[in-house]
Amino acid sequence: MKRAIIFELKKLCKEKFLWASVVLLLTLNCFYIDKYYKETAIEGYEKVLEDFSGPITTEKARAVKNVVDSLKGVARSRTYDGEYDVNLYTGYEETEYTVFRDIYDEMRRRYLYSEFAKEKKEDCLRIALRAENVGNKGVKSLNLKMADRLEGRAVSDFYDTKAFEKSMEWKLDVLGAAALAGVAVFLLFFREDNGNMGAWFKLSRISSAKIFAAKKCAVLIVGIGALAAVRFVSFVTFGAFSYPGLLFSKLYSVKAFETSMFSGSILIFLLLEFLVDAMFFAAVVDLLFVFQMILPYKNVAAVLSGFAILAFLTVSRFFCLWATPACALAFSNIAKKPNPVAGLFGYDAVIFAALIWAVSFDILFTFISRRKKNVCNDRV
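Residues numbered from 1 in each chain as written. Predicted model: local features only at pLDDT ≥ 70, side-chain atom pairs only at ≥ 80, totals over all residues. Heavy atoms only, no water.

Draft legend 1. Quick look at the pattern of salt bridges. Taken as a whole and assessed by the stated rule, the structure comprises 18 salt bridges. Among the salt bridges present, the one from E8 reaches K11, with a minimum N-O distance of 3.1 Å. Here the residue E8 and the residue K11 both occupy positions in helix 1 (residues 2-13), the gap between them amounting to 3 residues, near one helical turn. Here E8 matches K11 in class, with each residue buried. We note a salt bridge from R109 to E258, for which the minimum N-O separation is 3.1 Å. Residue R109 is located in helix 5 (residues 93-111), and its partner E258 is located in the loop between helix 11 (208-238) and helix 12 (266-294); the two are separated by 149 residues in the primary sequence. The residues R109 and E258 share a single accessibility class, namely buried. Salt bridges sharing partners connect three or more residues here, namely E106, R109, R110, D157 and E258. (Salt bridge = Lys/Arg side-chain N within 4 Å of Asp/Glu carboxyl O. Helix = DSSP H or I, 4+ residues; strand = E, 2+ residues; numbered from the N terminus. Buried < 20%, exposed > 50% of the residue type's maximum accessible area, 1.4 Å probe, protein only.)

Quick look at the structure:
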């Protein structure tokens, strides 16, 4: 089986069309992020973040507030000096005031987050008490668990997370990897070599089911590798990894995730999200292979596979947004706000649900592949 997977991987790696698709995917991904999503760079802003990112100290907070106070008068009267000032980080009073005002507001929000979390905890306890009075055990249990997760929360560092928040809304990498998987399946089924593949497999005594499994493993390896590459390039393009310390901050320190029930770091969250992405991607690959195996005409199989994947994305996303977070497209949305499944059982339930989703399609793939006597007009 190992030799068969390596054989299929070598076939894919020799395909120029596949490499061209990867380059196209990366290029389009970076182009759309840079043109439509990435904010215009402000001169000197990186220097500002370099000086004020990290732990929130009295000195940093006082320095930021002093800049805001010194420019508050001209900001109210709109009498900014239009001349370039070398003593300012950004060079101009208007951008200087805007940048430092935003930093001050974010620092203040983070500094007061412990009070915000305390208020949310008290709200949850009040709701739990009312639920107990009317006999609603589910709502009571959910709010008690949410109150427990909010206990003792505090934020003591400052990082600019706007790029990270935007990167969480960007999901072309998942769709692109699914499309790339379709290309890989097309190449494995439609453009087989005319060599002695059939004789090789016959001598190796490999069944059709194992041939399908080897093909699927090859597509998964290539696809998940491409997904990781596109995801990394996306974060770099957004500038979400500008400061490594950000990765070790708590996810709830990010404004969009401040009510999240996830208590881990941003790095752990990203790893979990990628794990869910990978399991979701495995389900898509299983679906592609199932259509190739059950339909006699490959062109029809290819077209129906595309429609099936779109339907799969739409239905699973709608389903996951409410309860069972088995789809990568909804994982970050679920982490932003309290969710029944994640709130009651924690984010282990999220991973477990995604695993069930992937395993179900793998069982379907295995069931059909073992009942195929030939490899659908394959040359193997």
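Draft legend 2. Inspection of a nonpolar patch on the surface at higher detail. On the surface, F352, L355, I356, V359 and I363 cluster together into a nonpolar patch covering about 460 Å² of accessible area. Relative to the elements of secondary structure, I356 occurs in helix 16 (residues 347-369). The exposure class assigned to I356 is partly exposed, which follows from its relative accessible area of 42%. (Patch = residues over 30% accessible without salt bridge, like charges linked within 9 Å, V, L, I, M, F, W, Y side chains within 5 Å. Areas by Shrake-Rupley, 256 points an atom, 1.4 Å probe, with all protein chains shown as cover.)

Draft legend 3. The arrangement of helix 4 (residues 58-77) in detail. Relative to the 28 Å expected for 20 residues at 1.5 Å per residue, helix 4 spans 29 Å between its end C-alpha atoms, a close match to the ideal helical length. Along helix 4, the helix axis deviates most sharply at L71, where the bend reaches about 45 degrees. Turning to helix 4, its buried residues are K60, V64, V68, L71 and A75. Residue R78 follows helix 4 closely and has a positive phi angle near 55 degrees. (Expected span 1.5 Å × (residues − 1). Bend = angle between axes of the 7 residues up to and from the residue.)

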